[in-house]
Structure formats: C-alpha cells, structure tokens
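Each chain, written out:
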Amino acid sequence: MRIYFDKEKGIGYTLARTNMNSCDFSSGSYTYVSENDAELKSFSIAHDEQYKIPMIRQAMEAAGGKLDLYISPWSPPAWMKGNKSMLQGGALLKEYYQSWANYFVKFIKAYEAQGIPVWGLSVQNEPMAKQTWESCMYTAEEERDFIKNYLGPTLWKNGLKDKKLIAWDHNRDLMFHRASTILNDPEAAKYVWGIGFHWYESWTGAPLPENVKRVHESYPEVNLLLTEACNFPFSWETIEQWQWGENYGSSMISDFNNGAVAWTDWNILLDETGGPNHVKNFCFAPVHADTRDGSLHYMNSFFYIGHFSKFIKPGAKRIAVSSSRAQLQTTGFKNPDGSYVVIVMNQGDTEVAYRLYVKGQAAEITSLPHSIVTLMF
C-alpha cells in the first residue's frame, strides 16, 4: 500500500478502480444478491467486507486519507442476462434494466456507508467483448439507451448526480464510434462525465492514438481516461524485459498529449503465475509476489508509471511541449502549486543530447538509450 499510494515514500497513486460483482481476477464468480431478487431486498456487500474493503481502506490511509475510487461491473447477476451466465458475454435483459440501475445505487451507498467514498462509475467493462470470464455486451445504442433511460436518471434521483459516469470502458479502436453514438444524443450525453478506454486491441505496433485525439477534438467538454491496461501474456521468464515499462511510458505520453485527463493501471499485485485468476487469464502487474519464497519483484513498469503518478498532481494542466528529435517522446504539465513537470522518454538504442528550452533559457541534458526521466522546475 505504501509503495503505491504514499505520496512521499511511494509513487503517489491518487485514482483507483474496483470491480462491482466478480471479475476474472476474483477468486470465483459472485454477486451481492440472491437468485431472481429483482427488488434487491437481499443486497449485501458482506463478501467484500472480508478482504476488499479493508484493502481499500489501507490504500486510502496510505494515500493520506483521500483516494478517488471508481467502480466497474464485469457482469450483472446471471439471472439478469439472456445467456443465464456471468461468463461468455450475453446481454442484460430489458426487463432488468431498472433493477440493474438500482444495483449501482445500492452498491455505491453500501460502500459509502463503510466510509469509502465513490468518485465515479463506468457503465460496463468491455461491452463489446464476449470473454471466457465475467462479461456482458451492449451495442452502442443499448448503452446509450441504458444511460439515458435508466442509469443516469436513477443516479440523479438518488442523490448521486455528482458521481462521474464513464461510458465505453473498452479499447481505443471503437471509442470514436461509441462516443459519437452516445454523445450525439443530448439526453444521454447530459449524464456522461467521460469516455473510458483500454489499450488491448491496439497496444502493440499501432496504438491508435488518433482515435483518442478524434474524440477529444469532437467532444472537448467530455473527459477521456484510460480505465484499464496491463501487459500480457504472462511469463515469469520475461518479467525483466524492458519493453513492459516502455509500453506504459509510450502509451501514457500519447494518451495525455491526445486529451486524456487520467490513466488507470489494472492489477497492483499478482503472484508468480500472473494470478490468481479463476479462468486462467494470467497477466503482468507492476509488482509480483513470489508466494514460493515471499519475495516481491518490481517490474520496470512500476517505475515508468511512477514518473507520472508521483510528479503530476491532481488538478495539473497539460502544457505544450515539443520534441525536436523523433526518438524522444515527451509531455508536460503545470501543477496547481506552480511547478512544471516535463517527462522525456527514449525508446531508441542510442543516447540523445538535447536542451530543455523555457522562455529563452535552456538546460543541457542527455537522454540515455531506453530511458525515461522526469524534469521539474
């Protein structure tokens, strides 16, 4: 908790995401209600009180008492879906749209009653993916109508208008199509704070940064944030490869430069198998615990993320930073306290000498091969 969330002794995470109902990295499938309880009379978060809620409290404490937390569902209860399973995609039955909207309210209020404020929520994790794990599919029109007619009004009627509602929550490849379908409808758009996106469909080779930029250009009043990313497939033998951190650095620089206001990694800690994961979807995390000997292993991705999370403060404004060398990727911010942060990343095999120019003054710096550096002034 300290190395992730402490602002001085760690890398200062200020934003976190957790699952509502189970996901693939849960120990098994679960929900918070009994079978066929459409009125949600049996609703209880007792399942989370054993491990997850205490863990979130520890994270909040390590972060200094405040941690913006948003929630995402991977699947409604099986009986609410057409395929009668939390796994393998399926779709929410229309007759349960209101019950599912009420479910969000129940969950948010139950967590806040435990002293855990909920900052926001996404409608559905990966709504275009039929997965072997918990998943539920919405077309763009279905997500738009669920927001417009059920989830948005239900949040507002229950005093939760301040919660940040995030649509899409899937890959960059289709984010413009999804965003335009939802945001071109004023009655849906009024409930939407932001568009969330992942990197999986396009995370190597062609990361599709233009799609993030197009949404930002078309809907500048809507917030964009990466809601999930991780390296995969897992292999203990490749855990020290430098590419894993560079995937993060390159993606974060590109996403921020193209209009993103926040960025969320996936798991903070996994074991030596890339799990636990109840459907064997094993992945990397920036920190791995080897349960065979009790050791912790920090991947270079932990430090790449830290170049952003530790130095760019909540409320920072992105500033214009231009690189004169194609080998150097860069982004920059002005923090609320007036300090400036410039991040420079070199994915090339050669060192590059450069100068950081600010209003006619310059500092001479050398960027080492395959490095990332944070400059502050």
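Up top you'll find the structure we're talking about.
Keep in mind that what you see is a predicted model, and the values were worked out from it rather than measured.

Criteria and cut-off values
Along each chain, residue indices are assigned from 1 in the same order as the chain's sequence is written. In view of the model being predicted, local features appear only for residues whose pLDDT reaches at least 70, and side-chain atom pairs are presented and counted only at 80 or more, with totals across whole chains, interfaces and linings using the full set of residues. With hydrogens and water set aside, each side-chain value is computed from the structure's full complement of heavy atoms. Residues belong to one nonpolar core when they are buried, are Ala, Val, Leu, Ile, Met, Phe, Trp, Tyr or Cys, and are joined through side-chain atoms within 4.5 Å. Any residue under 20% of the maximum accessible area for its type is buried, any over 50% is exposed, and the rest in between are partly exposed; the area is computed with a 1.4 Å probe on protein chains only. Each helix corresponds to a stretch of at least 4 residues labelled H or I by DSSP, and each strand to a stretch of at least 2 residues labelled E; elements are numbered beginning at the N terminus. The contact criterion used is simple: two residues touch if any of their non-hydrogen atoms lie within 4.5 Å. Here a polar contact means two N or O atoms within 3.5 Å. Within protein one must be a hydrogen donor candidate and the other an acceptor candidate, and residues neighboring in sequence count only if both atoms are side-chain atoms. In this analysis, strands are considered paired if DSSP registers two or more bridges between them. By the criterion used throughout, a crossover qualifies as right-handed when its path from the first strand across the helix to the second strand runs clockwise, the strands pointing away from the viewer. For Phe, Tyr and Trp, rings pair up if their centres lie within 6.5 Å, where Trp contributes its six-membered ring, and each pair is then called stacked (planes under 30 degrees apart), edge-to-face (over 60) or tilted (otherwise). Consider the ring centre and the ring normal. A charge sits over the ring if Lys NZ or Arg CZ is within 6 Å of that centre and within 35 degrees of that normal. Patch rule: a residue counts if its relative accessible area is over 30% and it has no salt bridge; like charges are joined within 9 Å, and nonpolar side chains (Val, Leu, Ile, Met, Phe, Trp, Tyr) within 5 Å. Every accessible area reported is derived by Shrake-Rupley at a probe size of 1.4 Å, with residue values counting cover from the shown protein chains alone. Salt bridges are defined as contacts in which a side-chain nitrogen from Lys or Arg sits within 4 Å of a carboxyl oxygen from Asp or Glu. The rule is simple: put a 1 Å grid over the protein atoms alone, call a set of points where a 1.4 Å probe fits but cannot get out a cavity, call an open set with protein on both sides within 12 Å along at least five of seven lines a pocket, and count a residue as lining if it has an atom within 4 Å of a point. Grid points are joined across faces, edges and corners, and a volume is the space filled by probe spheres set on the points. Lys, Arg, Asp and Glu make up the charged group, whereas Ala, Val, Leu, Ile, Met, Phe, Trp, Tyr, Cys and Pro make up the nonpolar group; the residues left over, Gly among them, are polar. Between N-to-C directions, angles span 0 to 180 degrees; the directions come from axes that are lines fitted to C-alpha atoms, helices contributing only their stretch in contact.

**Q** Tell me about the nonpolar core, and name the residues and values.
**A** If you look at the biggest cluster of nonpolar residues, it comprises 94 residues, and the most contacted ones within it are Phe-146 and Ile-195. No other element matches helix H4 (residues 97–113), which puts ten residues into this core. Leave out the neighbours within four places in its chain, and Ile-195 touches Ile-166, Ala-167, Trp-168, Met-175, Ala-179, Leu-183, Val-222, Asn-223, Leu-224 and Leu-225. Grouped together as the second largest cluster of nonpolar side chains are seven residues, Val-342, Val-352, Tyr-354 and Leu-375 included.

**Q** Can you break down the environment of Arg-292 residue by residue, with the values?
**A** Here Arg-292 is to be found in the loop between strand E9 (287–290) and strand E10 (295–298). Among the residues examined, Arg-292 registers a relative accessible area of 59% and is labelled exposed. With 80 residues separating them in the primary sequence, Arg-292 and Val-212 have C-alpha atoms 42 Å apart. Beyond its immediate sequence surroundings of up to four residues, Arg-292 is in contact with Trp-236 and Glu-272. A distance of 2.8 Å separates the side chain of Arg-292 from the side chain of Asp-290, its partner in a polar contact.

**Q** Could you give an account of the pairing of strand E2 (residues 68–73), naming the residues involved and the relevant values?
**A** Along E2, five of the six residues are buried, which leaves the element largely enclosed by surrounding structure. Across six bridges, the pairing between strand E1 (residues 15–20) and E2 is parallel. Bridge assignment links Asn-19 to a residue of E2, and that residue is Ser-72. Once the chain exits E2 it traverses H4 before rejoining the sheet at strand E3 (residues 120–122), and the crossover so formed is right-handed.

**Q** Please set out the environment of Leu-93 residue by residue, giving values where relevant.
**A** Summarising the element assignment, Leu-93 is placed in the loop between E2 and H4. Residue classification places Leu-93 among the partly exposed positions, given a relative accessible area of 24%. Separated by 42 residues in the primary sequence, Leu-93 and Ser-135 place their C-alpha atoms 14 Å from one another. The residues touching Leu-93, leaving out its near neighbours within four places in the chain, are Trp-79, Met-80, Lys-81, Gly-82 and Lys-84.

**Q** Help me get a handle on the packing of aromatic side chains, residues and values and all.
**A** With the rule as written, the count across this model stands at 36 aromatic pairs. Taken together, a centroid distance of 4.8 Å and an interplanar angle of 45 degrees make the contact between Trp-100 and Tyr-103 tilted. With Trp-100 and Tyr-103 both in helix H4, this residue pair falls three residues apart, about one helical turn. Take Trp-100: its relative accessible area is 0%, and that puts it in the buried class. Through a chain of ring-to-ring contacts, three or more aromatic side chains come together here, namely Tyr-30, Tyr-32, Phe-43, Trp-100, Tyr-103, Phe-104, Phe-107 and Tyr-111. The side chain of Arg-17 reaches across the aromatic face of Trp-266, ending 5.8 Å from its centre. Arg-292 extends its terminal NZ or CZ atom over the ring of Trp-236, reaching a point 5.7 Å from the ring centre.

**Q** Can you tell me about the sheet that holds E9, naming the residues and giving the values?
**A** The strand order E8-E9-E10 describes an open sheet built from three strands, whose pairing is mixed. Every other strand in the sheet has two partners, leaving strand E8 (270–271) and E10 as the edge strands with one partner each.

**Q** Which residues make up a nonpolar patch on the surface, and what values go with them?
**A** Nonpolar side chains collect at one region of the surface, where Leu-269, Leu-296, Tyr-298 and Phe-303 lie side by side and expose about 400 Å² of accessible area between them. Structurally, the position occupied by Leu-269 is in the loop between strand E7 (260–263) and E8. Residue Leu-269 is classed as partly exposed on the basis of its relative accessible area, which comes to 46%.

**Q** Lay out the layout of surface pockets in plain terms, naming residues and giving numbers.
**A** Approximately 440 Å³ is the volume attributed to the second largest pocket. In this structure, the second largest pocket is lined by 21 residues; those nearest its centre are Val-321, Ser-322, Arg-355, Leu-356 and Tyr-357. Within the residue set of the lining of the second largest pocket, elements represented by two or more residues are strand E12 (328–334), strand E13 (340–346) and strand E14 (352–358). The element that contributes the greatest number of residues to the lining of the second largest pocket is E14, accounting for six residues. Partitioned by chemical class, the residues of the lining of the second largest pocket number 14 nonpolar, four polar and three charged.

**Q** Give a description of the sheet that holds E3 that names residues and reports values.
**A** Taken together, the seven strands give an open sheet; going across it, the order is E1-E2-E3-E4-E5-E6-E7, and neighbouring strands pair in parallel fashion. Every other strand in the sheet has two partners, leaving E1 and E7 as the edge strands with one partner each. Taking each pair of neighbouring strands and ignoring which way they run, the sheet shows an average axis angle of 30 degrees. Here three bridges tie E3 to strand E4 (residues 164–171), and the two strands are oriented parallel to one another. Residue Gly-120 lies in a different strand from E4, and its bridge partner there is Lys-164.

**Q** How would you sum up unusual backbone geometry? Please name residues and give values.
**A** Only a minority of non-glycine residues have a phi that is not negative, and only a minority of peptide bonds are not trans. Here the bond from Phe-232 into Pro-233 is cis, since omega is -5 degrees, no more than 30 degrees from zero. Note that the residue after Gly-275, namely Pro-276, is joined by a cis bond; omega there is 5 degrees. Note on placement: Pro-276 falls in the loop between E8 and E9. In this structure, Asp-169 takes a positive phi of about 60 degrees despite not being glycine. Among the secondary structure elements, Asp-169 is positioned in strand E4. Of note, the phi angle at Lys-280 is positive, near 65 degrees, even though the residue is not glycine. Within the fold, Lys-280 resides in the loop between E8 and E9.

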